[in-house]
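# Coordinates in review
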Amino acid sequence: MKIPPYSRNYTGIICYCISCPGEEEENSTCRLKEGAQCYAAVEEVFNPDINDYEPVYDAGCLGPDEQSTLQCEGDRVPSENYRSIKCCNFTDLCNKNLLSEYKPRTKITPPTLLEVNLSTAVIAFSIVFTVAVIISIMFLFYKYRKNNGSRKGLTKLSNKEPSKCNNNLHNFSHSSGSGDGQSLLTRRTIGREVRKEQFLGKGRFSEKWIVIWKEDRIVMKTFTTCEEEQWAREKSIYATGLNHVNVLGLIGSDHLKDGLRATFTYYCPNGSLHDYIKKHCLNDMEFLTLARSATNGVQILHKEIRGTCTRPSIVHRNITSKNFLVNEAGECVICDFEVALMESEKFDPKMDLRVGTPRYAAPEIVNETIHSFEGFKMADIYSLGLVLWEMCRRSVAVSQDYALPFADLLPKYPIMEDMKNIFATKKTVHEMLGIPITWEKDSILSTVTLIVKECTNENAKSRPTSVRISKYFSSWKTNEKKISMYQ
């Protein structure tokens with residue numbers, strides 16, 4: 001029905017009332033006062049007994065201080081449950097007919113406790129699963145980047161193509177023991193896969209063992225925690241991409257279960273150059289092969305590679321006949337880089353210069369007068385000259401007994417002060433070495449003697465570079481005759 005506009009002549013109008021206060025009119029009615037209106041209201045309330053919504057009605061008189069547009073038009077206000085309020089004052093019981101305007105909502109069954117729990121579980125599982133997938137993807141991506149980056153780094157720093165013996169970790173039985181090709185940096189499990197076979201000896205920083213790994217013999221060099229710095233130093237030198245036929249090849253490194261650190265290299269059955277020439281006299285071909293390969297090893301260290309495959313120049317700082325090994329091909333491979341330095345490292349004048357074996361230390365090492373990285377290179381050349389001198393003594397042309405440099409001037413295990421004393425004499429180094437006249441009568445030894453003299457010159461700037469010496473021996477091998485730049 002159409003509700004007429006509110007009238008102001010409403011005093012005394014009777015309104016239909018539900019649950020009116022006791023002072024209201026009888027028969028569920030109430031009488032309006034001045035400024036009041038009749039109202040009818042209905043609201044939906046959920047009844048748990050019937051598991052459904054039901055209407056709750058109310059009606060009565062709305063006092064003048066209670067009425068407002070918001071109250072009399074309450075259905076315009078958004079509400080979760082249905083609610084409607086209407087007001088009138090145009091006739092007695094006008095609000096009674098207003099209650100018929102309620103329209104029940106479509107029946108909606110509220111969710112049960114089981115459904116609520118199931119929905120919560122599904123949402124929680126979805127969140128956990130999504131987070132787990134994201135974390136797994138991130139972890140796999142990190143591992144991929146890490147492994148791929150390591151492989152690219154080694155490939156980038158390599159200065160030679162990998163040799164066939166390094167393409168398979170297991171099939172290297174016929175390797176010469178050199179570093180030709182990529183360093184085989186294996187996972188940190190190799191220490192658990194080896195079996196000790198024979199103790200080789202103990203050096204200043206480490207012990208060496210022959211071990212069996214996948215049915216092949218390799219060498220394990222172990223370092224205690226006190227020498228961990230030397231272990232890390234050797235690993236960092238190999239990590240520059242130091243791969244050459246005259247450099248001992250690295251297979252891998254590991255942390256052993258007893259707290260030791262270890263590096264694993266190829267096994268050279270002929271042992272060190274010191275042991276080899278002590279037992280064998282050298283014919284011309286053997287002598288030149290050993291001399292050429294030894295100088296090549298030093299030259300590879302000293303050589304800086306620039307461009308796409310960058311590798312810094314390296315100085316060994318402990319060149320002796322014991323730090324060259326003789327592989328199956330009869331060539332020298334340089335090894336043991338515990339005290340080596342890279343040119344990329346900042347030169348510290350306060351560093352300990354007196355490292356290495358005192359017997360082979362250059363005068364500037366003994367006197368601590370080196371002021372640059374180039375000075376260390378020249379100190380290596382000095383030590384190389386003493387190694388060449390040792391080989392000359394074992395040439396079949398002279399067949400002298402093996403002897404260490406300055407054997408008649410120094411004790412068996414000299415210290416730096418002993419070296420300082422002999423350098424304080426007025427004799428030159430090659431005079432103290434005692435080079436016999438018979439060497440000058442041989443076509444090969446006479447030229448190598450000149451190299452030894454220049455290498456052991458007290459003035460470091462007068463010594464030849466490793467490149468110059470290497471070129472000399474390489475030319476000799478190519479032409480199979482003496483081509484000397486010293487004559």
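Everything discussed here concerns the structure shown above.
My aim in this report is to walk through the structure given alongside it, one point at a time.

Rules of the game
Residues numbered from 1 in each chain as written. Predicted model: local features only at pLDDT ≥ 70, side-chain atom pairs only at ≥ 80, totals over all residues. Heavy atoms only, no water. Helix = DSSP H or I, 4+ residues; strand = E, 2+ residues; numbered from the N terminus. Contact = heavy atoms within 4.5 Å. Areas by Shrake-Rupley, 256 points an atom, 1.4 Å probe, with all protein chains shown as cover. Salt bridge = Lys/Arg side-chain N within 4 Å of Asp/Glu carboxyl O. Pairing = 2+ DSSP bridges. Disulfide = S-S within 2.5 Å. Buried < 20%, exposed > 50% of the residue type's maximum accessible area, 1.4 Å probe, protein only. Axes fitted to C-alpha atoms, helices over the stretch in contact; angles between N-to-C directions. Expected span 1.5 Å × (residues − 1). Polar contact = N/O pair within 3.5 Å; in protein donor to acceptor, adjacent residues only side chain to side chain. Patch = residues over 30% accessible without salt bridge, like charges linked within 9 Å, V, L, I, M, F, W, Y side chains within 5 Å. Lys, Arg positive; Asp, Glu negative; His and termini not counted. Charge placed at Lys NZ, Arg CZ, Asp CG, Glu CD. Phe/Tyr/Trp six-rings, centres within 6.5 Å; stacked < 30°, edge-to-face > 60°. Lys NZ or Arg CZ within 6 Å of the ring centre and 35° of its normal. Core = buried A, V, L, I, M, F, W, Y, C linked by side-chain atoms within 4.5 Å.

### Digging into the overall build of the protein chain
Looking only at helices and strands, the protein chain has 12 helices and 14 strands in total. Partitioning the intrachain contacts of the protein chain with sequence separation of at least 6 by distance along the chain shows that 64% fall at a separation of at least 24. Surface accessibility of the protein chain: about 26,900 Å² in total, with carbon and sulfur atoms responsible for 53%.

### Quick word on the environment of Gln-230
Within the secondary structure, Gln-230 sits in helix H4 (residues 228-238). Residues Gln-230 and Phe-337, 107 residues apart in the sequence, show an inter-C-alpha distance of 8.1 Å. Gln-230 has contacts with Phe-205, Phe-223 and Glu-338, leaving out every residue within four places of it along the chain.

### What about the pattern of salt bridges?
One pass over the full model with this rule turns up 15 salt bridges. Measuring nitrogen to oxygen at the nearest pair gives 3.1 Å for the salt bridge that ties Arg-354 to Glu-417. Of this pair, Arg-354 sits in the loop between strand S14 (341-342) and helix H7 (363-366) while Glu-417 sits in helix H9 (residues 416-423), placing them 63 residues apart in sequence. Across the salt bridge formed by Glu-374 and Lys-377, the nearest N and O atoms sit 3.4 Å from each other. In this pair, Glu-374 and Lys-377 both sit in helix H8 (residues 373-393), 3 residues apart, roughly one turn of the helix. Bridged by salt links that share partners, the residues Lys-208, Lys-221, Glu-234, Asp-336 and Glu-338 form one connected network.

### Comments concerning the pairing of strand S4 (residues 52-62)
Sheet topology places strand S3 (residues 37-47) next to S4; 11 bridges connect them, and they run antiparallel. Its bridge partner being in S4, Ala-41 is matched across the sheet by Asp-58.

### Concerning the state of the cysteines
The final tally for this structure, using the stated rule, is 3 disulfides. Across a sulfur-sulfur distance of 1.6 Å, Cys-15 and Cys-38 are joined as a disulfide pair. As the torsion about the S-S bond is roughly -70 degrees, the Cys-15-Cys-38 disulfide counts as left-handed. Placement of Cys-15 in strand S1 (residues 14-16) and of Cys-38 in strand S3 is noted, with a sequence separation of 23 residues between them. A relative accessible area of 0% places Cys-15 in the buried class. In this model, Cys-30 is linked to Cys-61 through a disulfide, with the two sulfur atoms separated by 2.0 Å. Since a negative S-S torsion denotes a left-handed disulfide, the Cys-30-Cys-61 link at about 110 degrees is right-handed. Note that Cys-30 is positioned in strand S2 (residues 29-31) and Cys-61 in strand S4, a separation of 31 residues in sequence. We classify Cys-61 as partly exposed; its relative accessible area is 23%.

### Some details on the sheet that holds S4
Pairing is antiparallel in the open sheet, where 3 strands are placed in the order S4-S3-S5. What marks the edges here is a single partner per strand, and that holds for S4 and strand S5 (83-88). Across this sheet, the average inter-strand angle for adjacent strands is 15 degrees, counted without regard to direction. Here S3 pairs with S5 via 6 bridges, running antiparallel. Residue pairing in the sheet places Ala-40 in a bridge with Lys-86 of S5.

### So, helix H11 (residues 443-455)
For H11, built from 13 residues, the straight-helix expectation of 18 Å at 1.5 Å per residue is met to within 8% by its first-to-last C-alpha distance of 19 Å. For H11, the side-chain oxygen to backbone nitrogen distance between the N-cap and Ile-444 is 3.0 Å, and the N-cap itself is Asp-442.

### A short note on a positive patch on the surface
Where like charges cluster on the molecular surface, the positive patch consists of Lys-278, Lys-279, Lys-322 and Lys-412. When you line up the elements, Lys-322 lands in the loop between strand S11 (314-315) and strand S12 (324-326).

### Quick word on the environment of Arg-233
Structurally, Arg-233 is set in helix H4. Expressed as a C-alpha distance, the spacing of Arg-233 and Ala-340, which sit 107 residues apart in the sequence, is 7.4 Å. Discounting chain neighbours no more than four positions away, the residues touching Arg-233 are Phe-337, Glu-338, Val-339, Ala-340, Leu-341, Met-342 and Glu-345.

### Brief notes about the pairing of strand S6 (residues 194-202)
Relative to strand S7 (residues 207-213), S6 runs antiparallel, the two sharing 7 bridges. Residue pairing in the sheet places Gly-201 in a bridge with Lys-208 of S7.

### Examining the side chain of Thr-240
Residue placement: Thr-240 occurs in the loop between H4 and strand S9 (250-255). Its relative accessible area of 7% is what places Thr-240 among the buried residues. A distance of 2.6 Å separates a polar atom in the side chain of Thr-240 from the backbone oxygen of Ile-237.

### Overview of the packing of aromatic side chains
On inspection of all chains with the given rule, the structure shows 5 aromatic pairs. Here Tyr-472 and Phe-473 contribute two aromatic rings whose centre-to-centre distance is 5.1 Å and whose plane-to-plane angle is 65 degrees, an arrangement assigned as edge-to-face. The ring of Trp-209 carries the charged tip of Lys-196 above its face, separated from the ring centre by 4.2 Å. When the ring centre of Phe-376 is taken as reference, the NZ or CZ atom of Arg-317 above it lies at 5.2 Å.

### Let's talk about a nonpolar patch on the surface
Side chains of Ile-123, Ile-127, Val-131 and Ile-135 sit close together on the surface and give an oily, nonpolar patch of about 380 Å² of accessible area. Structurally, Ile-127 is set in helix H2 (residues 113-157). The exposure class of Ile-127 is exposed, given its relative accessible area of 52%.

### Description of the sheet that holds S9
Taken in spatial order, the 5 strands of this open sheet run S6-S7-S8-S10-S9, and their pairing is antiparallel. The open sheet has two edge strands, S6 and S9, and neither has a second partner. Each neighbouring strand pair of the sheet contributes to a mean axis angle of 25 degrees, computed without reference to strand direction. Set on the sheet, H4 makes contact with strand S8 (216-223), S9 and strand S10 (261-266); between it and S10 the angle comes to about 40 degrees.

### Observations concerning the nonpolar core
With 88 residues, the main nonpolar core has Phe-324, Met-391 and Phe-406 as its most contacted residues. The dominant element in this core, judged by the number of residues it contributes, is H8, at 13 residues. Every residue in contact with Phe-406, bar those within four places of it in the chain, is listed here: Arg-359, Tyr-382, Leu-386, Met-419, Ile-422, Val-429, Met-432 and Leu-433. Leu-32, Cys-38, Ala-40 and Cys-94 belong to the second largest nonpolar core, which has 11 residues in total.

In short, the description is geometric, and any link to function would need to be established separately.
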